[in-house]
Amino acid sequence: MAAPPNRPVWRLSVGEEAPDFELTATGDAAGKGTPRKKIKLSDYRGKKNVVLAFYPAAFTPV
Amino acid sequence: MPSYEEDLSEFERRNAQVLGISTDQVFSNEAWAKSMGGLSYPLLSDNWPYGYVAAQYGVLRGTGTVERAIFVVDKQGIVRYIDIHDIGQQPPTDKIMQALDKLR
């Protein structure tokens, strides 16, 4: 049976390796005029913990 | 997202980098951040291909909406904490801090 269309089919679990990515980003301080850059998750490896905050869309109220 | 701005020094103290991710384009994220007075962390655009990263993390719904979710990744690149919330709710920051405290 197909999964309900409004739910993700699967989820990542704690203890799994975080899929690496490279995405275009605002500058290090979004909205403050810092230059755009590419950000790669693995660039933080061995250096910093990372808090990935997925959010539905810009201009959504919080 | 704006609530993290107040907690930024708390993230820094825990050697953690906050990255906001949505399917919006960069110019849209820049405008949004500017309208909030600017943020101290970057916003990433997961829009090409649309929602590709969100899908890999399992937070892209069939309708194309990205869920409001937090993933704490340690320095070895391993997921250590996951919090997925209803779209209208903000994940509790104290739980994120607790997860980070365990990593230090």
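Just above, that's the structure.
The following paragraphs examine the structure supplied in this document. Values in this document were obtained by computation on a predicted structure and should not be read as measured data.

Section: the nonpolar core
Counting 40 residues, the largest nonpolar core has V51(A), L52(A), A53(A), F54(A), L19(B) and F71(B) as the members making the most contacts within it. If you list the elements that add at least two residues to this core, you get β1 (22-25) and β3 (49-54) of chain A together with β1 (16-22), α3 (26-35), β2 (43-45), α4 (52-56), β3 (68-73) and α5 (93-101) of chain B. With residues near it in sequence (within four places) discarded, L19(B) still touches I39(A), V50(A), L52(A), A53(A), Y41(B), P42(B) and L44(B).

Quick notes on the sheet that holds strand β2 (residues 37-40) of chain A
Pairing in this open sheet of seven strands is mixed, and the strands run β2(A)-β1(A)-β2(B)-β1(B)-β3(A)-β3(B)-β4(B) from one edge to the other. A single partner strand is all that each edge strand has here, and the edge strands are β2 of chain A together with β4 (79-85) of chain B. Across this sheet, the average inter-strand angle for adjacent strands is 30°, counted without regard to direction. Here four bridges tie β1(A) to β2(A), and the two strands are oriented antiparallel to one another. Within the sheet, the bridge partner assigned to A25(A) lies in β2(A) and is K37(A). In this fold α3(B) packs onto β1 of chain A together with β1 and β2 of chain B, with an angle of close to 155° to the strand it touches most, β2(B).

About the cut-offs
Residues numbered from 1 in each chain as written. Chains lettered and ligands numbered in written order. Predicted model: local features only at pLDDT ≥ 70, side-chain atom pairs only at ≥ 80, totals over all residues. Core = buried A, V, L, I, M, F, W, Y, C linked by C-beta atoms within 7 Å. Buried ≥ 20, exposed ≤ 12 C-beta atoms within 10 Å, placed from the backbone. Helix = DSSP H or I, 4+ residues; strand = E, 2+ residues; numbered from the N terminus. Contact = placed C-beta atoms within 7 Å. Pairing = 2+ DSSP bridges. Axes fitted to C-alpha atoms, helices over the stretch in contact; angles between N-to-C directions.

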